[in-house]
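Overview (structure and organization)
Residues per chain are reported as follows:
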Amino acid sequence: MEPELSVTVQHPLALQDGEAGLTENELRGKVVWVTGASSGIGEELAYQLSKIGALLAISARREDELERVKKKCLQISNLSDKDILVLRLDLTDRSSHEAATNSVLKHFGKIDVLVNNGGRSQRSLFVDTNLDVFSAIMELNYLGTISLTKHVLNHMIERRRGKIVTVSSVMGIMGAPLASGYCASKHALQGFFNSLRTELTDYPEISIINICPGPVQSKIIQNVFTEKLDKSIENSGDQSHKMPTERCVRLTLVSTANDLKEAWISDHPYLAVCYLWQYAPTWAWWLMNRMGKRRIQNFKSGVDADVSYSRKKK
């Protein structure tokens, strides 16, 4: 059976009017809780959802940044102040997730869509990286995500409907150097949610949706894990060659509205590598050995690791 995918290629076509209309009709008025909403994909999700008319709960650790996002949402949409709940949340503080879920339910009375977007990437070689970094990556990206999901899912099971959207990565499909811990956390999410979906067959109106973006223009590189927990990346490099965040989010919302089980949202060559990994893994391993060497060279020379494989759009 062909995998159920939504993909975009090197020169993506504009979305059709029907697709845009379906997205708006499906999500307008729905309560959507977005984690990691203070920057990057999560921030853009808040903006596009507010324009559609979704009711928002936006969460991250930095409450001041969430207030900034809320202010802009109110400026660009017809939502009122009570339609957007700012809720500080630390995914690594799992003891707080039940109370956070109850806060959203108290404010809106329901949760229609949970978007698991919070997390951090990585830029370091395994041989140089302390093991506590790997523990922190899994605690945040994997355990924090499934902990929050557990509390929200209980509510969705009671209502027998809902959507759980998890922003995974193409790194959850393949492997790549400089991101061994990040890849592991995304593979874990893929395995978990694909398994969870099979446990929910008695609830056909609960959708489990995995979104796998390729490189995207966001601040994720500025906040990556490195070889030490207390060390920041020295140079994040030029990000302009990557997919615009707005395009990634638009396709994410189309995928959500259509209940796609898995969506690969990427430019080439990453999209092509995903297909190789799916259908011809031996070729994919050979190719990644060659691409990986250049990726490491780029990183060590102070430029973006992926700059060699993308062309700026004219």
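Remember, it's a predicted structure, so these values are computed and weren't measured experimentally. (Residues numbered from 1 in each chain as written. Predicted model: local features only at pLDDT ≥ 70, side-chain atom pairs only at ≥ 80, totals over all residues. Heavy atoms only, no water.)

Observations regarding the pattern of salt bridges
This model, assessed by the stated rule, comprises eleven salt bridges. Ionic pairing is found between Lys-30 and Glu-26, a salt bridge with its closest N-O pair at 3.9 Å. Judged by its relative accessible area of 26%, Lys-30 is partly exposed. One salt bridge in this structure joins Arg-68 and Glu-43, with 3.0 Å as the shortest N-O distance. Of this pair, Arg-68 sits in helix α3 (residues 63–76) while Glu-43 sits in helix α2 (residues 40–52), placing them 25 residues apart in sequence. A relative accessible area of 34% places Arg-68 in the partly exposed class. Of the residues examined, Glu-43 reaches a relative accessible area of 12% and is grouped as buried. Through salt bridges with shared partners, one network takes in Glu-26, Lys-30, Lys-163 and Asp-259. (Salt bridge = Lys/Arg side-chain N within 4 Å of Asp/Glu carboxyl O. Buried < 20%, exposed > 50% of the residue type's maximum accessible area, 1.4 Å probe, protein only. Helix = DSSP H or I, 4+ residues; strand = E, 2+ residues; numbered from the N terminus.)

Quick notes on a nonpolar patch on the surface
A cluster of nonpolar side chains, Phe-126, Val-127 and Leu-131, forms an exposed patch at the surface whose accessible area comes to about 380 Å². Looking at the element boundaries, Phe-126 is found in the loop between β4 (113–116) and α5 (131–159). (Patch = residues over 30% accessible without salt bridge, like charges linked within 9 Å, V, L, I, M, F, W, Y side chains within 5 Å. Areas by Shrake-Rupley, 256 points an atom, 1.4 Å probe, with all protein chains shown as cover.)

Side note on the packing of α2 against α3
With their axes 9 Å apart at the nearest point, α2 and α3 run at an angle of 25° to one another. In this view, α2 runs roughly parallel relative to α3, as classed from their interaxial angle. Considering only the axes of α2 and α3, their crossing is right-handed. For the pair α2 and α3, contact is made by Glu-43, Ala-46, Tyr-47, Ser-50 and Lys-51 and by Arg-68, Val-69, Lys-72, Cys-73 and Ile-76, respectively. For the contact of α2 with α3, the residue count by class is five nonpolar, one polar and four charged. (Axes fitted to C-alpha atoms, helices over the stretch in contact; angles between N-to-C directions. Parallel < 35°, antiparallel > 145°, perpendicular 65-115°, else oblique. Left-handed = near helix turned anticlockwise from the far one by under 90°. Contact = heavy atoms within 4.5 Å. Nonpolar A, V, L, I, M, F, W, Y, C, P; charged D, E, K, R; others polar.)

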